[in-house]
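Listed below are the residues making up each chain.
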Amino acid sequence: MSHLHRDKSKLLARVKRLKGQIEGIERAVQADEDCAALLHLVASVRGAMQGFTAELIDEHLIHHVRDVTDERARQKGADELARALRTYLK
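Residues numbered from 1 in each chain as written. Predicted model: local features only at pLDDT ≥ 70, side-chain atom pairs only at ≥ 80, totals over all residues. Heavy atoms only, no water.

Trainee: Before we go on, may I ask you to explain the pattern of salt bridges in this structure?
Mentor: Close approach of charged atoms allows side chains with opposite charge to pair. Applying the stated criterion across every chain, the model contains four salt bridges. A salt bridge links Glu55 to Lys10, with the shortest nitrogen-to-oxygen separation between them at 3.8 Å. With Glu55 in helix H2 (residues 35–66) and Lys10 in helix H1 (residues 8–30), the pair connects residues that are 45 residues apart, well separated along the chain. When its relative accessible area of 12% is taken as the criterion, Glu55 is described as buried. Arg14 is the salt-bridge partner of Glu55, the closest N and O atoms lying 2.8 Å from each other. Of this pair, Glu55 sits in helix H2 while Arg14 sits in helix H1, and the two are 41 residues apart along the sequence. On the accessibility criterion, Arg14 (25% relative accessible area) is partly exposed. When salt bridges with common partners are traced through the structure, they connect Lys10, Arg14 and Glu55 into a single cluster. (Salt bridge = Lys/Arg side-chain N within 4 Å of Asp/Glu carboxyl O. Helix = DSSP H or I, 4+ residues; strand = E, 2+ residues; numbered from the N terminus. Buried < 20%, exposed > 50% of the residue type's maximum accessible area, 1.4 Å probe, protein only.)

Trainee: Quick question: what am I supposed to make of the packing of H1 against H2 here?
Mentor: Helix-helix packing is described using two parameters, namely the angle between the two axes and the distance between the axes. Running from N to C, H1 and H2 cross one another at 160°; their axes reach a closest spacing of 10 Å. Between H1 and H2, the angle falls in the class roughly antiparallel. Every pair of crossing elements has a handedness; the one defined by H1 and H2 is left-handed. Judged by residue contacts, Lys10, Leu11, Arg14, Val15, Leu18, Gln21, Ile22, Gly24, Ile25, Ala28 and Val29 of H1 engage Leu38, Leu41, Val42, Ser44, Val45, Ala48, Met49, Gly51, Phe52, Glu55 and Leu56 from H2. (Axes fitted to C-alpha atoms, helices over the stretch in contact; angles between N-to-C directions. Parallel < 35°, antiparallel > 145°, perpendicular 65-115°, else oblique. Left-handed = near helix turned anticlockwise from the far one by under 90°. Contact = heavy atoms within 4.5 Å.)

Trainee: Can you help me understand H1 in this one?
Mentor: Count 3.6 residues to each turn of an α-helix, and residues three or four apart come out pointing the same way. For H1, with 23 residues, the first-to-last C-alpha span of 33 Å sits near the 33 Å given by 1.5 Å per residue. For H1, the full list of buried residues reads Leu11, Leu18, Gly24, Ile25 and Ala28. Buried residues in H1 make contact with H2. (Expected span 1.5 Å × (residues − 1).)

Trainee: Hey, could you run me through a nonpolar patch on the surface in this one?
Mentor: On the surface, Leu85, Tyr88 and Leu89 cluster together into a nonpolar patch covering about 300 Å² of accessible area. Mapped onto the secondary structure, Leu89 falls in the segment after helix H3 (71–88). (Patch = residues over 30% accessible without salt bridge, like charges linked within 9 Å, V, L, I, M, F, W, Y side chains within 5 Å. Areas by Shrake-Rupley, 256 points an atom, 1.4 Å probe, with all protein chains shown as cover.)

Purely spatial values, then, with no claim about function.
In structure tokens:
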């Protein structure tokens, strides 16, 4: 994933926010928070994870499919993305 180095700090910031949101869910469960509040917390984590995933997919498409001139490397990048999406969509 060397192509992510330019955006590494941005990606790490997203991961840290996700970690904080997950910890917030843990604290809410421990504090016996209302179900509706928990559902909102979970929904926010899901949205944040989807945004993070979309960013990774975009980067992969750009650097391993769209901008690749070698057809074998392009096919490899497309295959890798297809496998990841199959796993993601299960």
